[in-house]
Amino acid sequence: MSVASPRTILAVDDSASMRQMVRYTLEGAGYKVVQAADGVEALEFARTGTVDLVLTDVNMPRMDGISLVRELRTLHSYKFVPMLVLTTESGQETKQRGKQAGATGWIVKPFNPEQLLATIGRVL
Amino acid sequence: MAAPQAGTSATHPVAAAPSESWAVERQMANTLGLCETQMTSALQESDQAVDALIRIFTGLADTMRDLGAVSARLPPEIKANVADDLDAQLAAITKQIGSAVIAFQFYDKLTQRLGHVRFSLATLAQFVCDPAQTQQPEQWDRLHATLRSLYRTQEEREIFQLMMDGASHTASNEGRCETSAAQSTAGDIELF
């Protein structure tokens, strides 16, 4: 009998404490978590590896989350990967930019662990 | 400690004439710079403390998960005696950890907002040094627009709007508390 490998989530945030909270929440639900501190680091990973879902902040140095989503959508292996934006940004204009870039959904920080897991479960 | 009497302070003599390098604008810029530096220093200090706190928290939370796994593997004859109580205790801790995960995220939000305040203070310090700008209402409008563009959270935008509409600090805080309680977007989820 083969054992299914855990699904992998790429968590992108420039705040180390936020990455810790996300990692703790996702690993507790059985996901494997790969972390990146900004869009550039995430994109570098994505060019050589694949994940089942991307969870990204918006405001980060070097490359913001919306640009990251847009760049990832140009990669063949990320065309259909769910991408959730997790941010303090709640403005409609920014949300629309995220949607146009190819984001799957928008979550306003602070996240509730149960709701975050339920949302990930819905889009995976 | 007795309060210093006006005009008698050694550092602020009443009749001292301003030196050539003394200017209101320079004093304002220096004072704003002082505020920004104090804030930066306090944030750096608290960042280290919070990072340590989060490491400890996640360590404890991981241990709690391990205990849950151990509990699940207990032989039935042992578990029969303690199962309900143990499961209830573990469920209570899990719930508290969930609340802590939410609470920790507010520090991240605080850091972000204070970063905007620091930038605002630095921008204002530069602005007040140029009398040609400070005398022009449209330059103030431009400055406010620059500060407004920094804001990422609903709370920051609310405070900005209330203050620009002429509310006092106190009224702004009270008004914001009322609107935020009713319209908070924290935790909002939208799937496209």
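Details of the structure are given in the entry above.
Residues numbered from 1 in each chain as written. Chains lettered and ligands numbered in written order. Predicted model: local features only at pLDDT ≥ 70, side-chain atom pairs only at ≥ 80, totals over all residues.

1. Some points on the interface of chain B and chain A
Right, so step 1: With 27 residues of chain B in contact, the opposing surface of chain A contributes 29 residues.
Right, so step 2: Those elements that place two or more of their residues in the side of chain B that touches chain A are helix 1 (24–72), helix 2 (76–128) and strand 1 (189–191) of chain B.
Right, so step 3: A per-element tally of the side of chain B that touches chain A places helix 2 of chain B first, with 10 residues.
Right, so step 4: Looking at the side of chain B that touches chain A residue by residue, the class counts come to 12 nonpolar, 8 polar and 7 charged.
Right, so step 5: Two elements, strand 5 (residues 105–108) of chain A and strand 1 of chain B, share 3 bridges in a ladder whose sense is antiparallel. Pairing of A:Trp106 across the sheet is with B:Glu190, part of strand 1 of chain B. (Contact = placed C-beta atoms within 7 Å. Helix = DSSP H or I, 4+ residues; strand = E, 2+ residues; numbered from the N terminus. Nonpolar A, V, L, I, M, F, W, Y, C, P; charged D, E, K, R; others polar. Pairing = 2+ DSSP bridges.)

2. Re the sheet that holds strand 1 of chain B
Right, so step 1: Strand order in the open sheet made by the 6 strands is 2(A)-1(A)-3(A)-4(A)-5(A)-1(B), with mixed pairing throughout. Looking at strand neighbours, the two that pair on one side only are strand 2 (32–36) of chain A together with strand 1 of chain B, the edges of this open sheet. Between one strand and the next, the sheet's axes are offset by a mean angle of 20 degrees, whatever the strand orientation.
Right, so step 2: Of the strand pairs in this sheet, strand 1 (residues 8–12) of chain A and strand 3 (residues 53–56) of chain A are connected by 4 bridges, and their pairing is parallel. Within strand 3 of chain A, the position partnered with A:Leu10 by the bridge is A:Val54. (Axes fitted to C-alpha atoms, helices over the stretch in contact; angles between N-to-C directions.)

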